[in-house]
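The primary structure of each chain is shown beneath.
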Amino acid sequence: MTSGPPEHDIDEANLTVEAPKRTAVGIPAIYHALKISLKQMGAKRSAETLLRVNQKDGFDCPGCAWPEADKRHVAEFCENGAKAVAEEATVRKVTPEFFARHSVAELLSHDDYWLGQQGRLTEPMLLEAGGTHYRPVGWDEAFDIVAEELKSLASPDEAVFYTSGRTSNEAAFLYQLLVRGFGTNNLPDCSNMCHESSGSALTETIGIGKGSVSLEDLKHAELILIAGQNPGTNHPRMLTALENAKKHGATIVAINPLPEAGLIRFENPQTPRGIIGNGTAIADDFLQIKLGGDQALFLGLGKFLLEANDDAVAAGEEGVFDTQFIDAHTHGLDDYLAELRNADWDEIVSATGLTRQQIAATGRRLQASKSTIVCWAMGLTQHKNSVPTLREIVNVLLLQGNIGKPGAGLCPVRGHSNVQGDRTMGIFERMPASFHDTLDAEFGFHSPRGHGYDTVNAIRAMRDGTVKFFMAMGGNFVRATPDSEVTEAALRSTTMTVQVSTKLNKSHLITGRRALILPTLGRTDKDTQATGEQRVTVEDSMSAVHASRGRLKPPSEELLSEVSIVSRLAARLFDGRADAPQLDWAACEADYTQIRKHIERVVPGFERFEEKIARPGGFVLPHGPRDGRRFPTATGKANFTVNELYYPKLPAGRLLLQTIRSHDQFNTTIYGTDDRYRGIKAARRVVMVNPDDLAELGIGDGETVDLVSEFSDGLARRAEKFRAVAYSTPRGCAAAYYPETNVLVPLDSVADISGTPTSKSVVIRLEKTSNR
Ligand SMILES: Nc1nc2c(c(=O)[nH]1)N[C@H]1C(S)=C(S)[C@@H](COP(=O)(O)OP(=O)(O)OC[C@H]3O[C@@H](n4cnc5c(=O)[nH]c(N)nc54)[C@H](O)[C@@H]3O)O[C@H]1N2
Ligand SMILES: Nc1nc2c(c(=O)[nH]1)N[C@H]1C(S)=C(S)[C@@H](COP(=O)(O)OP(=O)(O)OC[C@H]3O[C@@H](n4cnc5c(=O)[nH]c(N)nc54)[C@H](O)[C@@H]3O)O[C@H]1N2
Ligand SMILES: [Mo]
């Protein structure tokens, strides 16, 4: 039934390449989900678990942040949700004996797949200075070690506290309080590498960094543009929503350098038709855009609408713009229109790699649509010009009044299941003054006001010796971050690294002088405290907050919840200090409703929190633009913006590399070795390249090459031994998987304004491996 972990690392020699699939999901998806789940959990635990994913009395799927539909299917799970659950609910265990058997050096020789597949962490472990092996350590001793280390720092700003996006609202709220009580705003999070560009662009233009649509809106949209997102793999349940939208007559346009399977055609395993039929064709049009060309595309779409508007007005017809909306709710139209008039079609065409006809066809769809939604993910947020790109999207939607009306709006599709909620709770290196004021009043202390480090600045600060202590609430910092070699050296130069984790990963092995692993409960685990079983809350991509309760017996009696870990550390660290936040940490640990009472008083939108999460499906947080076309920006209106056109320009013989997820991974967690929809099997070190580029570079399909990154700092960053695979992608644009390629992403190559690493545009050259 269940089977043990893999004995070997991935053998890249086993690579096979098949034709990419044209359809996503369907029966093979359920089959694959069950196969993985049976191996990790066995039949009984599989049934107990999978049937409770995203159900109203169950737990929130630890996978992506796509919202749950009101009318739930018996099993509201998808293949990748099932994999995420199996990964966490596995019966495999990493015990103290495991650490006694394997030295840190030996573990480090294994790949991410092997490490993650070993099972759940079961006991707190300590790596002493100069030690070769982790040894078990009691919780009390572990907290003492951390508290003493923190107290020994010359300044609280010498510490950074990272958060990944699975942490519950309750744990996140206490964690940021702990950190601010300690005296720093150094709270980088995975969002800095993810949707930070969305937050930056939306806060400035519409006054709130969150999406403005609901599932209901998607159902009633006339036009949906999906740009820079691969939902078939990363948000499979979104395909059900898109299928529904199609049933209601929506037109869907996919904008992507790669013809991703789910965007083309979708078979819904939850409906009989999906099982027997050919599925629903999702995209009506596919714009195979060049990497980084979306700013130019949306500029072109705005220009198209302006020209159509001019024509209509000249002919005495009704214009294309929603002038009522523009007059009442926006600011800056004239400057924007001047930008559009100045824009050059030839430049737009060459920046996008699309034809003028293709852009005009999408323009006509926009013109005809009374309600348009734009969805996006990492393909738009991880470029140098990501913030300007997203501002241009806002511009286009504002022209037609597509914000704050049914069936229309902005839809950034979030990654981690509670990454949006963590932000709402204050996990951010620069929260607004209003948050600090309320926090200080609630807890009778003075929180620091200076901005803290985001992820990239935290790495720089460790590298430069200004930060000496690193703690992570989940995640896998060393693998998720750019410039792996620089980041590894930065972490190694610290005096202590502390990882609160569920599963073994490389961040436990690339450590400061001393290191601690603090194992914790996951979403699926039952969380029992002094007053009984606890539930937590999470917020999805559409601002809906709901409760989540794990049901499974935790993998070890030794595990503490994230809330317990934070509370006990805080009690140790503050130990009666008069200037610390005034809070009964033990009472919060014993009863999470106490934490929710504080959240209710500090975070806007959480009034009657406990009562509202008792309702099935929870509640939706307020959102000015969505709820009433209220735009809390500096101008009090939605802002049109003017953005200098930027797009990547490649030197001859070079490629622009985007680093993406395969179908068998969740970020740095590798579930398996296949990227089924793209036809890549049994290996991960592949680089997908346009066949004409391969021919021009004199590289054969299947040949082994090194990827060499070229950046202005002149450093040679190299990822060795990748197989070149001919693939449908625009000329000059290549793709390979993350995290194997993070070594190529220069630390200083970040998006303007948001500081997000440019993981989707890395200039590389290919060198035949044998030539070295
Ligand atoms: N199963 C699974 N689910 C996940 C995750 C996972 O790893 N596995 N990760 C979660 C997280 S944290 C996140 S943030 C999301 C990520 O979800 P996605 O953003 O879908 O993930 P990526 O694999 O990075 O894919 C980026 C997509 O954008 C396209 N793209 C790249 N550059 C451009 C561009 O310049 N323009 C356009 N138009 N398109 C471009 C790529 O071809 C690809 O289709 O998924 C979440 N859900
Ligand atoms: N090159 C490149 N780099 C990227 C990206 C890219 O597209 N390309 N994408 C970026 C994006 S969008 C993101 S979001 C980041 C992801 O960055 P992270 O969030 O840091 O990475 P994950 O791989 O999601 O973290 C997995 C680890 O989290 C721990 N974990 C899982 N569940 C829990 C839990 O409930 N509690 C606790 N305490 N720990 C838990 C496990 O130990 C597991 O090993 O990576 C970024 N890096
Ligand atoms: Mo993400």
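Computed from a predicted model, the values in this text were never measured in an experiment. (Residues numbered from 1 in each chain as written. Chains lettered and ligands numbered in written order. Predicted model: local features only at pLDDT ≥ 70, side-chain atom pairs only at ≥ 80, totals over all residues. Heavy atoms only, no water.)

1. Remarks on the overall build of the chain
Moving on, step 1. Counting its secondary structure elements, the chain contains 31 helices and 32 strands.
Moving on, step 2. Over its C-alpha atoms the chain spans a radius of gyration of 25 Å, differing by no more than 12% from the 28 Å that the globule rule assigns to 772 residues.
Moving on, step 3. C-alpha atoms of the chain, sized along the principal axes, occupy 80 × 65 × 55 Å.
Moving on, step 4. Looking at the 772 residues of the chain, the share that counts as buried comes to 64%.
Moving on, step 5. Relative to all contacts within the chain whose residues are 6 or more apart in sequence, the contacts with residues 24 or more apart total 79%.
Moving on, step 6. Working note: accessible area of the chain is about 26800 Å², and carbon and sulfur atoms make up 50% of it.
Moving on, step 7. Averaged over its 85 positive side-chain charges, the chain has a centre that lies 3 Å from the centre of its 99 negative ones. (Helix = DSSP H or I, 4+ residues; strand = E, 2+ residues; numbered from the N terminus. Rg over C-alpha atoms; globule rule 2.2 N^0.38 Å. Buried < 20%, exposed > 50% of the residue type's maximum accessible area, 1.4 Å probe, protein only. Contact = heavy atoms within 4.5 Å. Areas by Shrake-Rupley, 256 points an atom, 1.4 Å probe, with all protein chains shown as cover. Lys, Arg positive; Asp, Glu negative; His and termini not counted. Charge placed at Lys NZ, Arg CZ, Asp CG, Glu CD.)

2. A short note on the site of ligand 2
Moving on, step 1. Taken together, 30 residues lie near ligand 2, and Tyr-162, Ser-164, Ala-480, Glu-562 and Thr-668 sit nearest.
Moving on, step 2. Within the side chain of Gln-382, one N or O atom sits 3.3 Å away from an oxygen atom of ligand 2.
Moving on, step 3. A distance of 3.0 Å separates a nitrogen atom of ligand 2 from a polar backbone atom of Val-500.
Moving on, step 4. Coverage of ligand 2 by the protein amounts to 97% of the 930 Å² it exposes when considered alone.
Moving on, step 5. Of the residues contributing to the shell around ligand 2, the split by class is nine nonpolar, 16 polar and five charged.
Moving on, step 6. Composition of the shell around ligand 2 by domain shows at least three residues from each of domain 2 (93-193 + 418-616) and domain 4 (655-771). (Near = heavy atom within 4 Å. Polar contact = N/O pair within 3.5 Å; in protein donor to acceptor, adjacent residues only side chain to side chain. Nonpolar A, V, L, I, M, F, W, Y, C, P; charged D, E, K, R; others polar. Domains from an automatic or database assignment.)

3. So, the site of ligand 1
Moving on, step 1. In the region of ligand 1, 31 residues are neighbours, and Asn-256, Glu-260, Asp-294, Gln-665 and Asn-667 sit closest.
Moving on, step 2. Between Asn-230 and ligand 1, the recorded distance is 2.8 Å, taken from a backbone N or O atom to an oxygen atom.
Moving on, step 3. Interatomic distance of 2.8 Å between a side-chain N/O atom of Lys-760 and an oxygen atom of ligand 1.
Moving on, step 4. Contact with the protein chains removes 99% of the 910 Å² of surface that ligand 1 exposes when unbound.
Moving on, step 5. Those elements giving two or more residues to the shell around ligand 1 turn out to be helix 10 (231-234), helix 19 (378-381), strand 24 (655-660) and strand 25 (665-666).
Moving on, step 6. Considering only residue class, the shell around ligand 1 consists of eleven nonpolar, 16 polar and four charged.
Moving on, step 7. Mapped onto the domain boundaries, the shell around ligand 1 takes at least three residues apiece from domain 3 (196-412) and domain 4 (655-771).

4. Things to note about the sheet that holds strand 31 (residues 733-737)
Moving on, step 1. With respect to topology, six strands assemble into a closed barrel ordered 24-31-28-30-29-32, the strand pairing being mixed. Geometrically, the sheet is characterised by an average inter-axis angle of 45° between neighbouring strands, direction not taken into account.
Moving on, step 2. Pairing geometry for strand 28 (residues 686-689) and strand 31, over two bridges, is antiparallel. If you follow Met-688 over to strand 31, its bridge partner there is Ala-735. (Pairing = 2+ DSSP bridges. Axes fitted to C-alpha atoms, helices over the stretch in contact; angles between N-to-C directions.)

5. Here we look at the sheet that holds strand 5 (residues 135-136)
Within a sheet, adjacent strands bond to each other through the backbone by hydrogen bonds, running parallel or antiparallel.
Moving on, step 1. The sheet built from six strands is open, its strands ordered 5-4-17-16-15-6 with mixed pairing. Two strands bound the open sheet, and with one partner strand each, they are strand 5 and strand 6 (159-163).
Moving on, step 2. Contacts from helix 6 (residues 139-151) reach strand 4 (125-127), strand 5, strand 6, strand 15 (469-473), strand 16 (496-501) and strand 17 (514-519) within the one sheet, and its direction differs from that of strand 17 by about 135°.
Moving on, step 3. Relative to the sheet, helix 26 (residues 562-574) contacts strand 15, strand 16 and strand 17, its axis offset from that of strand 15 by approximately 150°.

6. Some points on the pairing of strand 29 (residues 704-709)
Moving on, step 1. The buried fraction of strand 29 is high, at five of six residues.
Moving on, step 2. Two elements, strand 29 and strand 30 (residues 717-726), share five bridges in a ladder whose sense is antiparallel. Across the sheet, the residue bridging to Thr-704 is Arg-723, located in strand 30.
Moving on, step 3. As defined by bridge partners, strand 29 adjoins strand 32 (residues 762-768) across five bridges and the pair is classed as antiparallel. Among the inter-strand pairings, Ser-709 is bridged to a residue of strand 32, identified as Ile-764.

7. Comments concerning the UniProt feature "domain: Molybdopterin dinucleotide-binding" (unreviewed entry) in the chain
Moving on, step 1. With numbering aligned to this structure, UniProt lists the feature "domain: Molybdopterin dinucleotide-binding" (unreviewed entry) at residues 655-762.
Moving on, step 2. Along residues 655-762 one finds 6% helix and 35% strand; the C-alpha atoms at either end are 8 Å apart. (UniProt positions renumbered as here; feature names shortened; annotations may be inferred.)

8. A short note on unusual backbone geometry
Moving on, step 1. The omega torsion across Tyr-738 and Pro-739 is 5°, close enough to zero to call that bond cis.
Moving on, step 2. Tracing the chain through its elements places Pro-739 in the loop between strand 31 and strand 32.
Moving on, step 3. With a phi close to 30°, Asp-575 is a non-glycine residue in the positive phi region.
Moving on, step 4. Mapped onto the elements of the fold, Asp-575 is located in the loop between helix 26 and helix 27 (585-590).
Moving on, step 5. The backbone of Asn-667 sits at a positive phi, close to 50°, despite the residue not being glycine.
Moving on, step 6. Relative to the helices and strands, Asn-667 resides in the loop between strand 25 and strand 26 (669-670).
Moving on, step 7. For Asn-667, a relative accessible area of 16% corresponds to the buried category.

9. Looking at the side chain of Thr-641
Moving on, step 1. Along the chain, Thr-641 turns up in the loop between strand 23 (638-639) and strand 24.
Moving on, step 2. A polar contact of 3.2 Å, which involves the side chain of Thr-641, links it to the side chain of Asn-643.
Moving on, step 3. The residues touching Thr-641, leaving out its near neighbours within four places in the chain, are Glu-204, Thr-205, Tyr-336, Glu-339, Arg-391 and Asn-395.

10. What to know about helix 20 (residues 386-399)
Moving on, step 1. Compared with the 20 Å implied by 1.5 Å per residue over 14 residues, the 20 Å span of helix 20 between its first and last C-alpha is a close match.
Moving on, step 2. Counting buried positions over the 14 residues of helix 20 gives 14, a clear majority of the element.
Moving on, step 3. In the stretch just after helix 20, Gly-401 is the one whose phi turns positive, near 65°. (Expected span 1.5 Å × (residues − 1).)

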